[in-house]
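Reading the structure
Below, each chain spelled out in residue letters.
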Amino acid sequence: MVDSLEILGSIFVGDILNIFLFGGLAVQFFTYLIHSYERDFALVKTVVIIIMLLETAQSILLLYDAFLLFCLRWGIEAALVGTRLRWLSIPVLGSLISFLVQVFYAWRIWTFTRRNLVVALILALSLTTLGAGLAVGLSTGIHNIPISQLDTTFKPAAVWLTGTAVTDCLITTLLVRTLAHSRREIRASPIDGPVDGPKTSHILTRVIRINLETGLASALFAVVSLILFLIMPQSPWHLIPASILSKLSGSCLFVVLNSRSRMTKSHYSSHSTPHPDVYVTGITHSRGSGSMHWASTSISAGTTALDELTMEMAHIDRTSSIGYKKDATRFPSPV
């Protein structure tokens, strides 16, 4: 039998952390609107806005439930029966937000590597996780399962949490591996032109660190939630990390997107070139190795790697999914 204090404690801590992370998410969102919104793809802007709307709806639902439990119905034991709207806010909205973030990262990986099988695997895992999350939420809401009996949804819940952890770990590994491989190619390539190899390598190192830190943060809490649920399926403590999984996913995505403007300004401030409303060409993708190569007839390898590799530092040409405009007056070809 689950103690009522455990239920109240897990709900209280989970809600506090969720609202705390929502504040950081809002700051990242408005930073994106100020610095990157106008220059981004329509698709990217749409995804960002949808994620923010879903995150806001989730926090509102959690606050509403907390107000009912801790204010209007405080001391009423019957208020602990059922999950109220938490079936919608945590498994349904949470899995939907994580799905959108994972699909966005899958698109980035496909743009970087053109490896269809790897991206198909990520999408399959994301869809499975989404389906399991929806199953947990809908079954809990329809049958009004109390928090003390959440172990009745053990199988779909285990698939949901396992899929979230595995997908986040896979995405982080692929992004870091691809960027690290491209950084080694830059270091081994002869560099000439206005952008030096060491500077570009340093920027890629920062990109790798950002992707690694943000990806591991999301994956870590998914693993913690999974372990708590597997070890103590009848205990509500796994709801604490589960309550913030979507907030971590959204925040990590916004941090990566906002890193573009900071790193691009930092890079170009050290050169005499104008502000980088510049697009470049010359990227070719190796299907076999899953890495990117830059043509010798294009601009310098360092500049090309900078603009294509990060995709969150350069502003992508809207006329093509992988094509770029070339400004030969600013970045002359070495040939």
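The structure we're discussing is the one just above.
Scope of this entry: the structure provided in the associated data block. On a predicted model such as this, the values are computed, not experimentally measured, just so you know. (Residues numbered from 1 in each chain as written. Predicted model: local features only at pLDDT ≥ 70, side-chain atom pairs only at ≥ 80, totals over all residues. Heavy atoms only, no water.)

**Let's talk about the overall build of the protein chain**
- Along its length, the protein chain carries 8 helices and 2 strands.
- Counting from the amino terminus, the protein chain carries its helices and strands in the arrangement α-α-α-α-α-α-α-β-β-α.
- Looking at the protein chain residue by residue over its 335 residues, the buried ones come to 53%.
- Within the protein chain, residue pairs in contact and separated by at least 24 positions form 79% of the contacts whose partners lie at least 6 positions apart.
- For the protein chain, the exposed surface amounts to about 14,600 Å²; the carbon and sulfur share of it is 68%. (Helix = DSSP H or I, 4+ residues; strand = E, 2+ residues; numbered from the N terminus. Buried < 20%, exposed > 50% of the residue type's maximum accessible area, 1.4 Å probe, protein only. Contact = heavy atoms within 4.5 Å. Areas by Shrake-Rupley, 256 points an atom, 1.4 Å probe, with all protein chains shown as cover.)

**Quick look at the pattern of salt bridges**
- In this structure the tally under the stated criterion is 2 salt bridges.
- Linking R86 and D15 is a salt bridge whose minimum nitrogen-to-oxygen distance equals 2.6 Å. Here the residue R86 occupies a position in helix α3 (residues 86-113), and D15 occupies one in helix α1 (residues 4-35), the gap between them amounting to 71 residues.
- A residue is classified by how much of its surface remains accessible, and R86, at 6% relative accessible area, is buried.
- Between K247 and E55 there is a salt bridge; the shortest N-O distance is 2.9 Å. Placement of the pair is K247 in helix α7 (residues 239-268) and E55 in helix α2 (residues 42-72), with a sequence separation of 192 residues.
- Exposure remark for E55: the relative accessible area of 0% places this residue in the buried category. (Salt bridge = Lys/Arg side-chain N within 4 Å of Asp/Glu carboxyl O.)

**Some words on unusual backbone geometry**
- Positioned with a positive phi, R114 is a non-glycine residue whose angle comes to about 60 degrees.
- In this fold, R114 is placed in the loop between α3 and α4 (116-143).
- R114 sits in the buried class, given a relative accessible area of 11%.
- Even without a glycine there, the phi angle at N144 is positive, about 50 degrees.
- For N144, the location among the structural elements is in the loop between α4 and α5 (154-188).
- For N144, a relative accessible area of 45% corresponds to the partly exposed category.

**Quick look at a nonpolar patch on the surface**
- Residues F154, V223, I227, L230, I231, M232 and W237 make up a contiguous nonpolar surface patch of roughly 590 Å² in combined accessible area.
- Looking at the nonpolar patch, the element that brings in the most residues is helix α6 (residues 197-231), giving 4 residues.
- Relative to the assigned elements, V223 resides in helix α6. (Patch = residues over 30% accessible without salt bridge, like charges linked within 9 Å, V, L, I, M, F, W, Y side chains within 5 Å.)

**Considerations on the packing of aromatic side chains**
- Throughout the structure, instances matching the rule amount to 9 aromatic pairs.
- Where F104 meets Y105, the ring centres are 6.1 Å apart and the plane angle is 70 degrees; that geometry is what we call edge-to-face.
- Ring centres of F104 and W107 lie 5.7 Å apart, and the angle between their planes is 50 degrees; on these two criteria the pair is classed as tilted. Here W107 and F104 lie together in helix α3, a separation of 3 residues that amounts to about one turn.
- On the basis of relative accessibility, which here comes to 9%, the residue F104 falls in the buried class.
- Here W107 falls in the partly exposed class, since its relative accessible area comes to 23%.
- Taking NZ or CZ as reference, K45 lies 4.8 Å from the ring centre of Y37, over its face.
- Residue placement shows R114 over the ring face of W110; its charged tip is 4.0 Å from the ring centre. (Phe/Tyr/Trp six-rings, centres within 6.5 Å; stacked < 30°, edge-to-face > 60°. Lys NZ or Arg CZ within 6 Å of the ring centre and 35° of its normal.)

The values reported here are purely geometric and, on their own, carry no functional implication.
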